[in-house]
Amino acid sequence: MDSKPVDVVRPLLFLSVALYAACLTQTAFCHFNDRMTCESALAALLFGALLWPAEINTGGEYGFFSWWANVLLFMGWAALWFRRARWAGLLCCAASLAVAPWHLRVEFHSNGWTGGRIVSHDLGFWLWLGSMGVALVASLFLPRRNVLQPGMQLFFPWKRSKP
């Protein structure tokens, strides 16, 4: 009996998009400057696009990297949809790495003028990370063609692959 491999990339892609959509309905993080304030993930997505240039100019060091993780994730989803294994893996990995400074960071500038100490990451943040993780796992399931071909030709030039 001939078994056909199961395609898990599209279901994982849809799961990643569903986790991202779910994160937008939740609180992403809470910060404290003169009082406790919690920010929704949707507000962080929308206003992060407007505020990242101000963040660079006013001394915020890593907040703009975290916002760009969204763009990298969207491009990674497109690469997954069109089954571009190398690009999907690179973009999803870059999105995950762009969030790494957010874990280390305790201060941020929320509107370009006032700062705040992050006291907790809430469910929206963790769903956002989960969305990136699922997209990264999905990129591992894409078939890779001719991954070792350049290296094989470099070390074994007499062994040519058939076109």
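Residues numbered from 1 in each chain as written. Predicted model: local features only at pLDDT ≥ 70, side-chain atom pairs only at ≥ 80, totals over all residues. Heavy atoms only, no water.

A. Spotlight on the overall build of the protein chain. Counting its secondary structure elements, the protein chain contains six helices and four strands. Listing each helix as α and each strand as β along the protein chain from the N terminus yields α-β-β-α-α-α-β-β-α-α. Taken over 163 residues, the protein chain has a buried fraction of 34%. Here the analysis covers contacts within the protein chain between residues at least 6 apart in sequence; of these, 68% occur between residues at least 24 apart. In the structure as shown, the protein chain presents an accessible area of about 10,300 Å², 68% of it carried by carbon and sulfur atoms. (Helix = DSSP H or I, 4+ residues; strand = E, 2+ residues; numbered from the N terminus. Buried < 20%, exposed > 50% of the residue type's maximum accessible area, 1.4 Å probe, protein only. Contact = heavy atoms within 4.5 Å. Areas by Shrake-Rupley, 256 points an atom, 1.4 Å probe, with all protein chains shown as cover.)

B. Quick look at the packing of aromatic side chains. Evaluation of the coordinates by the stated rule reveals seven aromatic pairs. Between Y20 and W77, the ring centres sit 5.4 Å apart and the planes meet at 90 degrees, which makes this aromatic pair edge-to-face. Remark: W77 occurs in helix α3 (residues 63-81) and Y20 occurs in helix α1 (residues 9-23); sequence separation between them is 57 residues. The class for W77 is buried, based on a relative accessible area of 12%. (Phe/Tyr/Trp six-rings, centres within 6.5 Å; stacked < 30°, edge-to-face > 60°.)

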